[in-house]
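Next come the chains, spelled out residue by residue.
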Amino acid sequence: MSAKTYEVRTYGCQMNVHDSERLSGLLEDAGYVRAPEGRAEGDADVVVFNTCAVRENADNRLYGNLGRLAPMKAKRPGMQIAVGGCLAQKDRDTIVSKAPWVDVVFGTHNIGSLPVLLERARVQEEAQVEIAESLEAFPSTLPTRRESAYAAWVSISVGCNNTCAFCIVPALRGKEKDRRPGDILAEVEALVAEGVTEITLLGQNVNAYGSDIGDREAFSKLLRACGRIEGLERVRFTSPHPRDFTDDVIAAMAETPNVMPQLHMPLQSGSSRVLKAMRRSYRQERYLGIIEKVRAAMPDAAISTDIIVGFPGETEEDFEETLHVVRESRFAQAFTFQYSKRPGTPAADMADQIPKEVVQARYERLVALQEEISWQENKQQVGRVLELMVAEGEGRKDGATHRLSGRAPDNRLVHFTKPAEPVRPGDMVTVGISYAAPHHLLAEGPVKAVRRTRAGDAWEKRNAAPQQPAGVMLGLPTIGAPAASPAPATGCGCD
């Protein structure tokens, strides 16, 4: 009998993306195999939804997807559907009542239970709902199926101690819990030994790392320790919080060669009055001061941000303050959102909810300004010579244009002319930038140099032959150091 197939559908932030790698690892450890690409919807034996609860339409999106699968499941005896993630943690009591064809509901704290719950639902022929209220074990102890052979997420903490008025995530993921530095570095070293050359340190509030272990400089020390790992070429992190972004972190970034000149620093609003209403623990002056210090220490750093438009009570004057900060900060990129009311958050019950048409008009003005700035900032890259890490699947038109794509040290996306010699994802190429668009750069001339890497070797090895299923019987997940399997290369937008 052939192995059962699975599909994991991921919504939301990088924390969810990394959790989905663990869900895939758990299922493969239990003997499932990933459903092939290009199959018809509903063809997998197990479909797992890893959900997000940040946006207002998250519920509708989930139930719409579940509704489409209901008739497919009815025609396929043995097919199972599982729902996990933040929305499952929040709506634990309603998912099965609204979608009784769902077999398993599990939360953010017990993703390791998925294989057992699927087996229990199959044997008992009834839905299994298991929501842990606190973390059972740090998720990095679970099997992981890394999506990339050359770049990897490394989780350093879970949970968040902030109480932002618009965000429901801390209530769903709990208080911050930090991993021991030695465990983090051991995982990084194991990944590097497998060929990974870029890692992204991941946390809901990544630079608050240390608050749970009593060391206010733990994050800067961790960055410097990563700099001492031989073979690790690129270190990134996401997402930080302005409150915890201290001078020692800036110094560690500037002084550690493999920490990339890239920073994602959520703003949310440029108005100090709105920031106070949001329960953000900084004001405009503090934010701009951080940007100034980063620019002084790393003049070539690319800075990106998150901005919410239309928070309750936001006036035209408040919005103009946001535009002012955008002009001053010169962001390379901004992830902009229209305020979304989430039941269970303080902001949902605030007076002065902004009319949709006003929010839309402000949003369009912000996007237009940021597009102009992004283009201007990218134009300054023309003429520079950059070393890129060749990426997989990031250039949608690469096949038609006979180009490849890669990421610059500051994480800008660059499409470059395909060289005569073969290059693989994870290899490094040196190119000259010839053209700038708002969201990408072009290197239209010949590639100046190609450097084959261990990461490219790892990618080639992974793609040389299909992986065989582990064949492990369903049961408790294995405990111990995370599997050092090849792996991808910003927390949650709510930061």
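Residues numbered from 1 in each chain as written. Predicted model: local features only at pLDDT ≥ 70, side-chain atom pairs only at ≥ 80, totals over all residues. Heavy atoms only, no water.

> I tried to follow the overall build of the protein chain on my own but got confused; where do I start?
Looking only at helices and strands, one finds 15 helices and 21 strands in the protein chain. For 495 residues, the compact-globule estimate of 2.2 N^0.38 gives 23 Å, and the C-alpha radius of gyration of the protein chain, at 23 Å, lies within 12% of that figure. Summarising its shape, the C-alpha atoms of the protein chain cover approximately 60 × 60 × 50 Å along the three principal directions. Carbon and sulfur atoms provide 52% of the accessible area of the protein chain, an area that totals close to 21000 Å². (Helix = DSSP H or I, 4+ residues; strand = E, 2+ residues; numbered from the N terminus. Rg over C-alpha atoms; globule rule 2.2 N^0.38 Å. Areas by Shrake-Rupley, 256 points an atom, 1.4 Å probe, with all protein chains shown as cover.)

> I'm lost on the confidence of the model for the protein chain in this one. Help?
Close inspection of predicted coordinates is inappropriate in any region flagged by low pLDDT. Of all residues in the protein chain, 91% have pLDDT values of 70 or greater, and the mean over the chain is 89. Segment residues 467-493 is flagged for pLDDT under 50; beyond a separation of four residues in sequence, or across chains, it makes 85 contacts in the model. (pLDDT = per-residue confidence, 0-100. Contact = heavy atoms within 4.5 Å.)

> Would you explain the pairing of strand 16 (residues 403-407) in this entry?
When a strand is regular, its side chains alternate between the sheet's two faces. Pairing of strand 15 (residues 385-390) with strand 16, which is carried by two bridges, proceeds in the antiparallel orientation. Of the residues in strand 16, the one forming a bridge with Met389 is Arg407. Looking at chain direction, strand 16 and strand 17 (residues 413-417) are connected through five bridges and run antiparallel. Along strand 17, the bridge assignment pairs Ser405 with His415. (Pairing = 2+ DSSP bridges.)

> What's the story with the nonpolar core in this structure? I'm lost.
Burial of nonpolar side chains together is a common tendency in soluble globular proteins. Residues Leu201, Leu223 and Phe245 are the most contacted members of the largest nonpolar core, which totals 90 residues. Once residues lying within four places of it in the same chain are set aside, the contact partners of Leu223 are Leu201, Val235, Phe237, Val249, Ala252, Met253, Thr256 and Val259. Core analysis: the next-biggest nonpolar cluster, separate from the first, contains 17 residues, Leu23, Ala82, Val104 and Ile111 among them. (Core = buried A, V, L, I, M, F, W, Y, C linked by side-chain atoms within 4.5 Å. Buried < 20%, exposed > 50% of the residue type's maximum accessible area, 1.4 Å probe, protein only.)

> Hey, could you run me through the pattern of salt bridges in this one?
For side chains of opposite charge, pairing can occur when their charged atoms come near one another. All chains considered together, the criterion is met by 32 salt bridges. Close ionic contact of Arg330 with Glu377 constitutes a salt bridge, the shortest N to O distance being 3.2 Å. Of this pair, Arg330 sits in the loop between helix 12 (316-329) and strand 14 (333-338) while Glu377 sits in helix 13 (residues 356-379), placing them 47 residues apart in sequence. A residue is classified by how much of its surface remains accessible, and Arg330, at 27% relative accessible area, is partly exposed. Where Arg424 meets Asp457, a salt bridge forms, and the shortest distance between an N and an O atom there is 2.8 Å. Here Arg424, found in the loop between strand 17 and strand 18 (428-432), pairs with Asp457, found in helix 15 (residues 454-464); they are 33 residues apart in sequence, far enough to count as distant. A relative accessible area of 4% places Arg424 in the buried class. (Salt bridge = Lys/Arg side-chain N within 4 Å of Asp/Glu carboxyl O.)

> Looking at this model, I keep getting lost on the sheet that holds strand 12 (residues 262-264). Mind explaining?
What holds strands together in a sheet is hydrogen bonding between their backbones, with the strands either parallel or antiparallel. With parallel pairing, the three strands of this open sheet are ordered in space as 12-13-14. In the strand order of this sheet, the two ends are held by strand 12 and strand 14, each with one partner. Taken over all neighbouring pairs, the strand axes of this sheet differ in orientation by 10 degrees on average, direction set aside. Where strand 12 lies against strand 13 (residues 302-309), three bridges are found, and the strand directions are parallel. Note on strand 13: the bridge partner recorded for Leu263 is Ile303. (Axes fitted to C-alpha atoms, helices over the stretch in contact; angles between N-to-C directions.)

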